[in-house]
Amino acid sequence: MVTNLLSNALKYGAGKPVRLRVSADTTRARLVVRDEGIGIAPESLPRLFGRFERAVSDRHYGGLGLGLYITRQIVEALGGTVSVTSAPGAGATFTVELPLRASS
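Below is a short write-up of the structure. (Residues numbered from 1 in each chain as written. Predicted model: local features only at pLDDT ≥ 70, side-chain atom pairs only at ≥ 80, totals over all residues. Heavy atoms only, no water.)

### Details of the pattern of salt bridges
Here's step 1: A full pass over the atoms with the stated rule returns three salt bridges.
Here's step 2: Glu97 is paired through a salt bridge with Arg28; the nearest N and O atoms lie 3.5 Å apart. Residue Glu97 is located in strand S4 (residues 92–99), and its partner Arg28 is located in strand S2 (residues 28–35); the two are separated by 69 residues in the primary sequence.
Here's step 3: For the salt bridge of Arg30 with Glu97, the shortest nitrogen-to-oxygen distance reads 2.3 Å. Of the two residues, Arg30 is situated in strand S2 and Glu97 in strand S4; the sequence distance between them amounts to 67 residues.
Here's step 4: Among the charged side chains, a network of salt bridges with common partners joins Arg28, Arg30 and Glu97. (Salt bridge = Lys/Arg side-chain N within 4 Å of Asp/Glu carboxyl O. Helix = DSSP H or I, 4+ residues; strand = E, 2+ residues; numbered from the N terminus.)

This is how it looks when you write it as structure tokens:
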């Protein structure tokens, strides 16, 4: 999950810094990965975590469109959520929230 998010941030980050932040409160841990790259068009955001989905052409960036799908599957299996905020040319921020204790 972390590898997929960081790999995407480096791939689409246009050589600009990638920021990783980890925090927690009493019930949830939060991982935020932020890049300052090409960003994602609003119409691509709803389908971004789907299997074989891509926001850009594989001609320019390669890949199979499975990384974010796999990330979502892992996060949800652990009882968490993953989300993204972005705009074209403004980079992207991916946020993963996981429960600190497994629900019984």
